[in-house]
Amino acid sequence: MTSKVCFLCEIEDCKACSSCGLVASCAQHKNLHTSKDGSFCYPWTVQKREGVGRVLVAVRDIEHLEVILEDEPVGLSPTQDTPQMCLQCFKLIPDVSPFICLC
């Protein structure tokens, strides 16, 4: 599946990946096809399916325990076993007035 259309934005005249040759991407989306450290390519592409919309589709067989996606958390919060704290200012909340912060 060596198309010359970007796997994400569908811009034409893109280059196929130099590592795997299975997925083409524009310069803007090339980093989304490779891992964060650039050591391997993700084994999928994005396709439009009638009645479903955009979906990820494998471009080759995926090995057992192979990394297929890496993501960053949008936000972090304290764990359940920490004292109560305000999630806006991160000050500890006293037990006498739980769930109330004046930040």
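Higher on the page you've got the structure.
Nothing here was measured: the structure is a model prediction, and the numbers come from that model. (Residues numbered from 1 in each chain as written. Predicted model: local features only at pLDDT ≥ 70, side-chain atom pairs only at ≥ 80, totals over all residues. Heavy atoms only, no water.)

## Considering the pairing of strand 3 (residues 44-49)
Okay, step 1: Relative to strand 4 (residues 53-58), strand 3 is paired through 6 bridges, and the arrangement is antiparallel. The residue bridging Arg 49 from the neighbouring strand is Gly 53, located in strand 4.
Okay, step 2: Hairpin connection from strand 3 to strand 4: 3 residues lie between these consecutive antiparallel strands, with Gly 51 at a positive phi of about 80°. (Pairing = 2+ DSSP bridges. Helix = DSSP H or I, 4+ residues; strand = E, 2+ residues; numbered from the N terminus.)

## Quick look at the pattern of salt bridges
Okay, step 1: With the rule as written, the count across this model stands at 3 salt bridges.
Okay, step 2: With a shortest N-O distance of 2.5 Å, Arg 60 and Glu 66 are connected by a salt bridge.
Okay, step 3: Owing to a relative accessible area of 33%, Arg 60 belongs among the partly exposed residues under this scheme.
Okay, step 4: The partly exposed category is assigned to Glu 66, whose relative accessible area is 23%. (Salt bridge = Lys/Arg side-chain N within 4 Å of Asp/Glu carboxyl O. Buried < 20%, exposed > 50% of the residue type's maximum accessible area, 1.4 Å probe, protein only.)

## Points about the nonpolar core
Okay, step 1: Core analysis: the biggest nonpolar cluster contains 10 residues, these being Cys 6, Phe 7, Cys 14, Val 23, Ala 24, Cys 26, Tyr 42, Trp 44, Val 46 and Val 59.
Okay, step 2: When near neighbours in sequence (up to four residues on either side) are disregarded, Tyr 42 contacts Leu 32, His 33, Thr 34, Ser 35, Lys 36, Val 67, Ile 68, Leu 69 and Glu 70. (Core = buried A, V, L, I, M, F, W, Y, C linked by side-chain atoms within 4.5 Å. Contact = heavy atoms within 4.5 Å.)

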